[in-house]
Amino acid sequence: MSLIPDDVIEQVREAADIVGIIGEHVELKRTGSDFRAPCPFHGGTHRNFAVIPRKGMYYCFVCHAGGDVFTFFMKKLGMDYPTAVREVARRVGITIPERGPTGPDPREPLYSAVAAAADWFARQLLENPEAQVARDYLTTRHFDLETVQPLGLGYAPKGKAFLDAMKGLGVRDEVLLEAALLAKREDGTLAPRFRGRLLFPIHDLRARVVAFGGRILGEGEPKYLNSSDTPIFHKGKLLYNLHVAKHAIRKAERAILVEGYFDVLRLSLAGIEEVVAPLGTGLTPEQAQLVKRHASHVILLYDSDEPGLRATFRAGDELLREGLRVSVATLPGGEDPDTLVQKQGAGGLEGILKDAVDVLERKIQILDRKGFFGTLPGRRRALDRLLPTIRAAKDPITRELYLSRAAEAAGVRKDVLEREAGMRDAGSGMRPGTPTHPASPISHPALPASAEKALLLLMLEGEPWLSRVTEAVDPEELEFPPYRAVFESVADDAVLALDDTSARAYEQLKAEGLGARDPNEMYELAVNWMEARRLERQLEQLDDQLPFESPDRQASLIAEKRRVFDELRKRYPRYKIAKRRRGAPGT
């Protein structure tokens, strides 16, 4: 059977009258904006089965059956997915083009495994005594269980219950490994990836669960853990809640971008449904393109603290590169979208959204408040922070307005600023690292692999990694000069001040990215190595001192050397081998 193009599936789903189609099988009665009926799946007599047209979904509060119009045909009439799509397409008068490879989708076992896991996790949240900690946590966040049930939240117990449950359902371990539901320990044994966490299902645009985000309950790190990338999930290419929000985004002609899962849930439940969030990383170009497919205007609603502002402006630049109109909504100090809606309701948030200002104007407000425009050096630093946003603007009129506004704010001539931005007769919407310096005739080799490089790659992913790295490491500790320059410029949001050599290093690092590497593992190894280098430098200093000290002082220094060396071996057991292989600093 031929594969059906994703855009056609979306067209069919949006054209389908889910109320009319399901109403052919059950007697639906309107209840507010939804429709209720006895459940056609478990044979109930009470109206516990809800059809929610604004979300294009149905859900039973008793047997927990839920899905979209295609899922309904699959469960009710025993159809497979492509047949269900074709049946709905026939009803709405859309022709399915026949193209693509034939045969079953080789990823289908992964979709099935993740769907089975999602159902099981959702039941644990409702029924498992161990999940009381999750139910209590939701209560502290002012979410009642009945409200979040249709959203598919779940709980991952500790221990091996998940392994046993999947084995009972006939799901093979190798499929669970490939779907990132299991992890293999160093001794070869298998363990569930999610343990003791409240789980948020992550859907693709077809509304299929493809991954999970897990919030730790109690002590432990990381606070939030997402599924790693798999053949059916790439976290930089999806947005949380977009499968539902896309309809509301088109209707509202705007998208609201927030940072966290709970922010999305709170706004959605309050009736502000055009809300999405990245998946634990900074906004990627692919995610910005996803937003562009559904809206031309984005309001950034991030926290107003320093990390939140950094994430806001990085996301703003990515969206400007796609030609979108970008506004920033400013929350009161100490508030996030979740807490604000709890206190003031949707009306209070709508007032803040209404007062949102353009992203460049918001930058200027903050720089002015911090006194940057009061001195000549301050104006220079202010322009270093404004230029990335000006250069990011793809729309030529927006770019022209940005140049005029920044020149006015900093008290410089517009033509001077235009030359500084490197934009006269240049393309628009340039990504960070687009060369504005003269091209070097000297080819530049691959950057040396090291702990320093790993830390820079993490910083370039945005928050929370930027804050974690800058808190753990001082720029003076980086021994490879281009890496140190990139570290300082990224931390200060002033990459346009880099010299030619460091700018090329920055370009290469941005192009490389993390790929499939685990950021938590990279961070741990890199920070351990940097700590080992600190201790190694202490040893070198002690060696330099020894020849010039008295015998008594030498004995004391030798004892100190032993202590430092023991600490070094404890933090980095393979230290001696690594030192012999490492060669020059930074390599």
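Preceding block: the structure.
Residues numbered from 1 in each chain as written. Predicted model: local features only at pLDDT ≥ 70, side-chain atom pairs only at ≥ 80, totals over all residues. Heavy atoms only, no water.

1. Here's the deal with the overall build of the protein
Looking only at helices and strands, the protein features 25 helices and 16 strands. Looking at the 587 residues of the protein, the share that counts as buried comes to 49%. Expressed as a percentage of contacts within the protein between residues at least 6 apart in sequence, the contacts between residues at least 24 apart total 63%. (Helix = DSSP H or I, 4+ residues; strand = E, 2+ residues; numbered from the N terminus. Buried < 20%, exposed > 50% of the residue type's maximum accessible area, 1.4 Å probe, protein only. Contact = heavy atoms within 4.5 Å.)

2. A look at the sheet that holds strand E11 (residues 224-226)
Reading across the sheet, the four strands line up as E6-E9-E10-E11 and stay open at both edges, with antiparallel pairing between neighbours. Both edges of this open sheet fall to strand E6 (154-156) and E11, since each of them pairs with a single strand only. Averaged over all pairs of adjacent strands, the angle between their axes in this sheet comes to 35 degrees, without regard to strand direction. Where helix H5 (residues 108-127) meets the sheet, its contacts fall on E6, strand E9 (197-203) and strand E10 (209-216), and the angle it forms with E10 comes to roughly 35 degrees. (Pairing = 2+ DSSP bridges. Axes fitted to C-alpha atoms, helices over the stretch in contact; angles between N-to-C directions.)

3. Quick look at the pairing of strand E3 (residues 49-52)
Regular strands place side chains that alternate from one sheet face to the opposite one. Neither face of E3 is left uncovered, since the one carrying Phe-49 and Val-51 and the one carrying Ala-50 and Ile-52 both have all their residues buried. By the bridge criterion, three bridges tie strand E2 (residues 34-37) to E3 in an arrangement that is antiparallel. Paired with Ala-37 across the strands is Phe-49, a residue of E3. Looking at chain direction, E3 and strand E4 (residues 57-60) are connected through four bridges and run antiparallel. Among the inter-strand pairings, Ile-52 is bridged to a residue of E4, identified as Met-57. Connecting the antiparallel pair E3 and E4 is a turn made up of four residues, with Gly-56 showing a positive phi of about 65 degrees.

4. As for the packing of helix H1 (residues 6-15) against helix H4 (residues 81-92)
One can describe the packing of H1 onto H4 by two numbers: an axis separation of 9 Å at closest approach and a directional angle of 55 degrees. The orientation of H1 relative to H4 falls into the category oblique. Seen from above, H1 lies across H4 with left-handed handedness. For the pair H1 and H4, the contacting residues are Ile-9, Val-12, Arg-13 and Ala-15 in the first and Tyr-81, Val-85, Val-88, Ala-89 and Val-92 in the second. (Parallel < 35°, antiparallel > 145°, perpendicular 65-115°, else oblique. Left-handed = near helix turned anticlockwise from the far one by under 90°.)

5. Structural notes on H5
In this model H5 runs 29 Å from its N-terminal to its C-terminal C-alpha over 20 residues, within 8% of the 28 Å that 1.5 Å per residue would give. Taken together, the buried positions of H5 are Leu-110, Tyr-111, Ala-113, Val-114, Ala-116, Ala-117, Ala-118, Trp-120, Phe-121, Gln-124 and Leu-125. (Expected span 1.5 Å × (residues − 1).)

6. Side note on the nonpolar core
With 66 residues, the main nonpolar core has Phe-162, Leu-198, Phe-212, Tyr-240, Leu-267 and Leu-301 as its most contacted residues. Of the residues forming this core, the biggest block, 10 residues, is contributed by H5. Look past the residues within four positions of Tyr-240 in its chain and what remains in contact with it is Phe-200, Pro-201, Ile-202, Tyr-261, Val-264, Leu-265, Val-275, Val-276, Ala-277 and Leu-279. (Core = buried A, V, L, I, M, F, W, Y, C linked by side-chain atoms within 4.5 Å.)

7. A few points about the packing of aromatic side chains
Under the defined criterion, the tally for this structure stands at 20 aromatic pairs. Relative to Phe-61, the ring of Tyr-59 has its centre 5.2 Å away and its plane inclined at 85 degrees; by these criteria the two rings are edge-to-face. The exposure class of Tyr-59 is buried, given its relative accessible area of 7%. Ring geometry for Phe-194 against Phe-212: centres 6.2 Å apart, planes inclined by 75 degrees, an arrangement best described as edge-to-face. (Phe/Tyr/Trp six-rings, centres within 6.5 Å; stacked < 30°, edge-to-face > 60°.)

8. Some details on the packing of H5 against helix H8 (residues 161-168)
The axes of two packed helices give the description: the angle between them and the distance between them. Packing of H5 against H8 leaves a shortest axis separation of 11 Å and a crossing angle of 125 degrees. The angle between H5 and H8 places the two elements in the oblique class. Once H5 is placed against H8, the crossing between them reads as right-handed. In contact with Ala-116, Ala-117, Trp-120 and Phe-121 of H5, H8 contributes Ala-161, Phe-162, Ala-165 and Met-166. In terms of residue class, the contact of H5 with H8 is built from eight nonpolar, no polar and no charged. (Nonpolar A, V, L, I, M, F, W, Y, C, P; charged D, E, K, R; others polar.)

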